[in-house]
Amino acid sequence: MDVMHFSNTVVKIKKEIAKEIIGLKDIIDQVLIALIAGGNVLLEGVPGLGKTHLVKTLAKVLDLEFNRIQFTPDLMPSDIIGTNILVKDEKGSSTFRFQAGPVFSNLVLADEINRATPKTQSALLEAMQEHTVTVAGVTRKLPQPYFVLATQNPLEQEGTYPLPEAQLDRFLFKLLLDLPSLDELHKIVDLTTGAQEQKAEKAADAAIIMELIQLAIQVPIAKPVQDYALRLVMNTHPQLETSPGITKRFVRYGSSPRGAQAIIQGSKVRALMEGRYNVSFEDIRNIAYPALRHRVFLNYQAISEGKSPDDVIREIIEATDE
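Residues numbered from 1 in each chain as written. Predicted model: local features only at pLDDT ≥ 70, side-chain atom pairs only at ≥ 80, totals over all residues. Heavy atoms only, no water.

Take the overall build of the protein next. Summing up its helical and strand segments, the protein has 15 helices and 11 strands in all. Taken against the 2.2 N^0.38 rule, which gives 20 Å for 322 residues, the C-alpha radius of gyration of the protein at 21 Å falls within 12% of a compact globule. Along the three orthogonal principal directions, the C-alpha set of the protein runs to about 75 × 45 × 40 Å. A total of 322 residues make up the protein; the buried ones form 50% of that total. Restricting the contact set of the protein to residue pairs at least 6 apart, pairs at least 24 apart contribute 75%. When the accessible area of the protein is evaluated, it comes to approximately 15600 Å², of which 53% is carbon and sulfur surface. Seen as two clouds, the 35 positive and the 40 negative side-chain charges of the protein have centres 3 Å apart. (Helix = DSSP H or I, 4+ residues; strand = E, 2+ residues; numbered from the N terminus. Rg over C-alpha atoms; globule rule 2.2 N^0.38 Å. Buried < 20%, exposed > 50% of the residue type's maximum accessible area, 1.4 Å probe, protein only. Contact = heavy atoms within 4.5 Å. Areas by Shrake-Rupley, 256 points an atom, 1.4 Å probe, with all protein chains shown as cover. Lys, Arg positive; Asp, Glu negative; His and termini not counted. Charge placed at Lys NZ, Arg CZ, Asp CG, Glu CD.)

Put into structure tokens, the structure is as follows:
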């Protein structure tokens, strides 16, 4: 597969998704970038913005095995990863057999992930990072490609369990869904309350996705561009003398090395989607927001002044020279 084939495949995928998803162009682009980079995505937005529908449409267009897990406070780890069950054969002998949970699929939708207890949330950690599941001392590999797309509602915090930093860090991107414009709202209402003529159809499959992933890995990145990305990440740490004033003033904890990996991986895919076989400084700046907004933790002063992680990231980018 070459750059042209890559670009054409992505355009075809986006065209099919657009048949059922109105607007969300940037979100769709960033979700595809994350998936082709081999990462997981956290979608945050108020109810009704199409988070779940987007993931289901994506599974249909990519022809991937799809499972949805509705996270609730009473959900147990075994409900997600599976468990050993006792079965009897025709002779009456009893044996244990592994009953796979919904995590065993290519695309897993973890709906309202912050509604489950930390014990249940942690059941996803191994799957998200190592793409394996260990039950009763036996480690099983998950199907490839493998992605977890999780959703959460930022408004209703009653009866929820905030994701721990270790789990947030395992999401390549955190994406924020905004309210649709008036024109987009008209189209959404027309599409959902009338006779829907267009249905999204298959535009790729697991084998093609793996080819896209392999091509993205091979994209070269110049040393100065990579150095710029890494300095951006280093500048999120307030304890470093070289960090800009905005970081020392508003940031409590900076990004882990996974933030640097996310920026580099995402930038390579974005470059290919733009028809280039090299990473630019603009790619780095564009990917910095979804890659760092859940890895930069603000202090009380930032919160009291109404600063968001994106505000701080924007100023860190402005303070970091190419």
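A few words now on the pattern of salt bridges. Taken as a whole and judged by the stated rule, the model has 19 salt bridges. Two residues, Asp169 and Arg258, come together in a salt bridge whose shortest N-O distance is 3.0 Å. One end of the pair, Asp169, is in the loop between α7 (165-168) and β9 (173-176); the other, Arg258, is in helix α12 (residues 257-273), and 89 residues separate them in sequence. Judged by its relative accessible area of 12%, Asp169 is buried. (Salt bridge = Lys/Arg side-chain N within 4 Å of Asp/Glu carboxyl O.)

Right, let's get into the packing of aromatic side chains. Applying the stated rule across the entire model yields 2 aromatic pairs. Seen from their ring centres, Tyr228 and Phe281 are 5.4 Å apart, and the 75° between their planes marks the pair as edge-to-face. With a gap of 53 residues between them, Tyr228 in helix α10 (residues 223-234) and Phe281 in helix α13 (residues 281-292) connect regions that are remote in the sequence. According to the relative accessible area criterion, Phe281 is partly exposed, its value standing at 22%. The ring of Phe98 has Arg140 lying over it, and the distance from NZ or CZ to the ring centre is 3.9 Å. (Phe/Tyr/Trp six-rings, centres within 6.5 Å; stacked < 30°, edge-to-face > 60°. Lys NZ or Arg CZ within 6 Å of the ring centre and 35° of its normal.)

What follows concerns the pairing of strand β6 (residues 132-135). As judged from the 4 bridges shared by β6 and strand β7 (residues 138-141), these two strands associate in the antiparallel manner. Within β7, the residue paired with Thr134 across the bridge is Thr139. Between the antiparallel neighbours β6 and β7 lie 2 residues, among them Ala136 with a positive phi of about 55°. (Pairing = 2+ DSSP bridges.)

This part covers the sheet that holds strand β2 (residues 66-70). Note on sheets: strands pair through backbone hydrogen bonds, and any given pair is parallel or antiparallel. A sheet is described by the order of its strands in space; here 5 strands give the open sequence β2-β5-β8-β1-β9, paired in parallel fashion. Among the strands making up the open sheet, the edge pair consists of β2 and β9. Direction aside, neighbouring strands of the sheet carry axes that sit 20° apart on average. Pairing geometry for strand β5 (residues 107-111) and strand β8 (residues 147-152), over 4 bridges, is parallel. Residue pairing across strands places Val108 opposite Val148, the latter belonging to β8. Lying over the sheet, helix α2 (residues 25-36) contacts β1 (41-44), β8 and β9, oriented at roughly 170° with respect to β9. (Axes fitted to C-alpha atoms, helices over the stretch in contact; angles between N-to-C directions.)

Let us now look at the nonpolar core. Phe6, Val31, Leu149 and Ile284 are the most contacted members of the largest nonpolar core, which totals 72 residues. Broken down by element, this core gets its largest block of residues, 8 residues, from α2. (Core = buried A, V, L, I, M, F, W, Y, C linked by side-chain atoms within 4.5 Å.)

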